[in-house]
Every structure is written in C-alpha cells, then in structure tokens.
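So you can see what is in the structure, the chains are spelled out below.
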Amino acid sequence: MGSQTGSALQRQALLCFIITASSCVSRVCLDSVGLGCGADYRSLIETLCQDKFRLDMQALDQRHWCSWEDTVELYGELTNCTFVVARELKCYWPNRVVDEFFIQVHQHYFHDCSLSGRLLRDPPNRILGPFIVVPILVTLLMTALVVWRSKRSEGIV
C-alpha cells in the first residue's frame, strides 16, 4: 500500500513538473529567436526528461532493466516527456533528435536485453528435465543395444 501511495505521489510530482516545465519551455521558445528543434531541443529533453528517467532507472534494480513489465511505465513517461517538449517548442515529433536520443537511451540502459524485451531465464525444471534425461536414456539404450547385438552375433559365423 505504501509503494502505491509513493507511486501516486511520484506521478503527481511528474505531472506538476511537466506542466511547469511546459509553460517555462513555451515562454523560452516564444521569447527567444533561434530556439529550434536541434541542439536546444536536445538540451531540453536531456535536462527535463532524461534526468528524471535516469533517477527512476537508478531506483529500479539493474537486474530488472530488461523486464518490460518493470520499465514500461518509466519508458512511457520518458516518451511522453519528449513529446510534450516537442509540442511546446512547435517541433515535429518524432524527429531525428528524438530518434538519436532514444538510441542513446537504449545503448545505455537496454544494450544487454533480448530482442523480445523479456527477461531471459532458465525454464522450470519440469520442462528442462525431460530435455536432459531423454537424450541420456536414449544414448544408454542404444549403447546397450549395440553391445547386446554384438555379443549375440559372435556365436553366429
């Protein structure tokens, strides 16, 4: 129950942060000539979005980084943050800067993950056991059959 309350408070804090940042970003965008969708946009998403994502990922145990169930909400918040900043700056989204940004995020946080996004682990013993035992038994049975057949044919010439 405490973690759900903490999660709700984090969401509210994030929402307030994004709304505040959005109004700040839009004022900066309208007041400054030359603030565009290139380096300045990259700087803003790194400051506003990536810093929060970094803190959230640090709070999550590194063993769970490849678990989609554990990271989907954090990843969604990061995606939404980049969208809000782009919208406030009147930039197209997605764009080249966002693509490069997410490539960096994936290279840093998800480089060891499988393509399916699922956490890799051994199957349960009830499934793995037959795949180990059956080939061993077949090998022993075939060896016994060859030995038995070779002894039987020695008497017949």
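What counts as what
The written sequence of each chain sets the order in which its residues are numbered from 1. The predicted nature of this model means local features are confined to residues of pLDDT at least 70 and side-chain atom pairs, given and counted, to a pLDDT of 80 or more, with totals for whole chains, interfaces and linings taken over all residues. Computation of side-chain values: all heavy atoms of the structure, hydrogens and water removed. In this text, helices come from DSSP runs of H or I with a minimum length of four residues, and strands from runs of E with a minimum of two, each type numbered from the N-terminal end. Within this scheme, the nonpolar core is defined by two criteria: the residues are buried Ala, Val, Leu, Ile, Met, Phe, Trp, Tyr or Cys, and they are joined through side-chain atoms within 4.5 Å. Buried means the residue's accessible area, taken with a 1.4 Å probe over protein chains only, is under 20% of the maximum for its type, while exposed means over 50%, and partly exposed covers the values in between. Whether two residues are in contact is decided by their heavy atoms, any of which lying within 4.5 Å being enough. Exposure above 30% relative accessible area and the absence of a salt bridge qualify a residue for a patch, where like charges join within 9 Å and nonpolar side chains (Val, Leu, Ile, Met, Phe, Trp, Tyr) within 5 Å. Only the protein chains shown count as covering a residue, and every accessible area follows the Shrake-Rupley method with a 1.4 Å probe. For this document, the term salt bridge refers to a Lys or Arg side-chain nitrogen within 4 Å of an Asp or Glu carboxyl oxygen. Note on geometry: axes are C-alpha line fits, over the in-contact stretch for helices, and angles between N-to-C directions span 0 to 180 degrees. Relative orientations are named as follows: roughly parallel for angles under 35 degrees, roughly antiparallel for angles over 145 degrees, roughly perpendicular for angles from 65 to 115 degrees, and oblique for any other angle. A clockwise turn of the near helix away from the far one marks a right-handed crossing, whereas an anticlockwise turn of less than a right angle marks a left-handed crossing. Classification used: nonpolar for Ala, Val, Leu, Ile, Met, Phe, Trp, Tyr, Cys and Pro, charged for Asp, Glu, Lys and Arg, polar for all others including Gly.

Caption draft 1: Structural context of unusual backbone geometry. At the junction of tryptophan 93 and proline 94, the peptide bond is cis and its omega measures out at -5° in the coordinates. With respect to the helices and strands, proline 94 occurs in the loop between α3 (68–88) and α4 (96–109). The residue lysine 90 is not glycine, and still its phi comes out positive at about 60°. Note on placement: lysine 90 falls in the loop between α3 and α4.

Caption draft 2: Main features of the nonpolar core. Ranked by size, the top nonpolar core spans 23 residues in total, and within it Tyr41, Phe53 and Met57 carry the most contacts. Sorting the residues of this core by element identifies α2 (39–59), α3 and α4 as the ones contributing at least two each. Setting aside residues up to four positions removed in sequence, methionine 57 forms contacts with Trp65, Thr71, Leu74, Tyr109 and Phe110.

Caption draft 3: Representation of a nonpolar patch on the surface within the structure. A contiguous nonpolar patch, built from Leu128, Ile132, Val133, Ile136, Leu137 and Leu140 and spanning about 530 Å² of accessible area, is present on the exposed surface. Mapped onto the fold, isoleucine 136 is located in helix α5 (residues 125–154).

Caption draft 4: Expanded view of the side chain of aspartate 56. The residue aspartate 56 is located in helix α2 in this model. Take aspartate 56: its relative accessible area is 15%, and that puts it in the buried class. Beyond its immediate chain neighbours, meaning those up to four positions away, aspartate 56 contacts Leu74 and Glu77.

Caption draft 5: Structural detail: the packing of α3 against α4. The contact between α3 and α4 brings their axes to 11 Å, and the two run at 155°. With respect to each other, α3 and α4 are oriented roughly antiparallel. Our pair here, α3 against α4, has a crossing hand that is right-handed. From α3, Tyr75, Leu78, Thr79 and Thr82 reach across to α4, where they touch Val98, Phe101, Phe102, Val105 and His106. Grouping the amino acids of the contact of α3 with α4 by side-chain chemistry returns six nonpolar, three polar and no charged.

Caption draft 6: Looking closely at the pattern of salt bridges. On inspection of all chains with the given rule, the structure shows seven salt bridges. The salt bridge partner of arginine 42 is glutamate 100, with a shortest N-O separation of 2.8 Å. Of the two residues, arginine 42 sits in helix α2 while glutamate 100 sits in helix α4, which places them 58 residues apart along the sequence. Given the relative accessible area of 33%, glutamate 100 is considered partly exposed. Through salt bridges with shared partners, a single network forms among Arg42, Glu46, Arg96 and Glu100.

The values reported here are purely geometric and, on their own, carry no functional implication.
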